Amino acid sequence: GEKYLVKGNHDYWWNTASKMTAFFEKEGLSTLRLLHNNCAFYGETALCGTRGWFYEEEGHGAEHDKKIMNRELMRLETSLKAAGEREKLVFLHYPPLYGNYRCEELLALLRRYEVRACYYGHLHGPARRLAIEGEREGVRYKLVSADHVDFQPWRVL
């Protein structure tokens, strides 16, 4: 089947979406797709996503973090707008909720566009215990990092 990829924090090999798509075509990787400033459709369901970011409002690097977060918010909103009125599932690398951390800007987008579920990764090993799963404010959250789902595919629909 088709596989949809969202950029993660260790994906240094991923330069631009256009370069990645050209590489996939050149290498005959016809089942790989990117969720990046776009959305994909599975029947009447829209698959939306972006990397996301951990956003710190203060301290070293706050301006840099703010710039990256604003870019990620724009990417997610572009994806959500492209979905139209379809049911929306969001895929993020970074969790919008984690322990006591809340990325209010991302959470607001999920609510505004009536996202049904948000799947995220990034958390591995002991950090998984701080994952937020289940329904919060009308959105269902699920950690799907490889070690958290025992390296097995996770059915999202």
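Located above this text is the structure these notes cover.
Source: prediction; values computed, not measured.

J.: Can you help me understand the nonpolar core in this one?
T.: In terms of nonpolar packing, the biggest core is built from 30 residues, with Leu76, Leu80, Val90, Leu110, Tyr120 and Tyr141 touching the most fellow members. For this core, the elements supplying multiple residues, two or more each, are strand E4 (45–50), helix H2 (62–82), strand E5 (87–92), helix H3 (104–112), strand E8 (117–120) and strand E10 (139–143). Broken down by element, this core gets its largest block of residues, five residues, from H2. In contact with Leu80, other than residues within four places in its own chain, are Cys48, Lys88, Val90, Leu109, Tyr113 and Val115. Core analysis: the second largest hydrophobic core is formed by seven residues, Leu35, Leu47, Leu89 and Ala117 among them.

J.: So what exactly am I meant to see when it comes to the layout of surface pockets here?
T.: Where empty space is left becomes clear once a probe the size of a water molecule has been rolled over the atoms. Counted as a void, the largest pocket has a volume near 1000 Å³. What lines the largest pocket is a set of 30 residues, among which Lys3, Tyr4, Phe91, Trp154 and Val156 lie closest to the centre. Ranked by the residues each element gives to the lining of the largest pocket, the list is headed by strand E1 (residues 3–5), at three residues. Across the lining of the largest pocket, the residue classes break down as 18 nonpolar, eight polar and four charged. In this structure, the second largest pocket encloses a volume near 180 Å³.

J.: Where do I start with the side chain of Asp147 in this structure?
T.: Considering the arrangement of structural elements, one finds Asp147 in the segment after E10. For the buried residue Asp147, which engages in no salt bridge, the nearest side chain bearing the opposite charge is Arg128, 4.0 Å off. At 2.9 Å, the side chain of Asp147 forms a polar contact with the side chain of His124.

Each value, and the rule that gives it
- Residues numbered from 1 in each chain as written.
- Predicted model: local features only at pLDDT ≥ 70, side-chain atom pairs only at ≥ 80, totals over all residues.
- Heavy atoms only, no water.
- Core = buried A, V, L, I, M, F, W, Y, C linked by side-chain atoms within 4.5 Å.
- Buried < 20%, exposed > 50% of the residue type's maximum accessible area, 1.4 Å probe, protein only.
- Helix = DSSP H or I, 4+ residues; strand = E, 2+ residues; numbered from the N terminus.
- Contact = heavy atoms within 4.5 Å.
- 1 Å grid on protein atoms, 1.4 Å probe; cavity = no way out; pocket = protein on both sides within 12 Å on 5 of 7 lines; lining within 4 Å.
- Points joined across faces, edges and corners; volume = space filled by probe spheres on them.
- Nonpolar A, V, L, I, M, F, W, Y, C, P; charged D, E, K, R; others polar.
- Lys, Arg positive; Asp, Glu negative; His and termini not counted.
- Salt bridge = Lys/Arg side-chain N within 4 Å of Asp/Glu carboxyl O.
- Polar contact = N/O pair within 3.5 Å; in protein donor to acceptor, adjacent residues only side chain to side chain.

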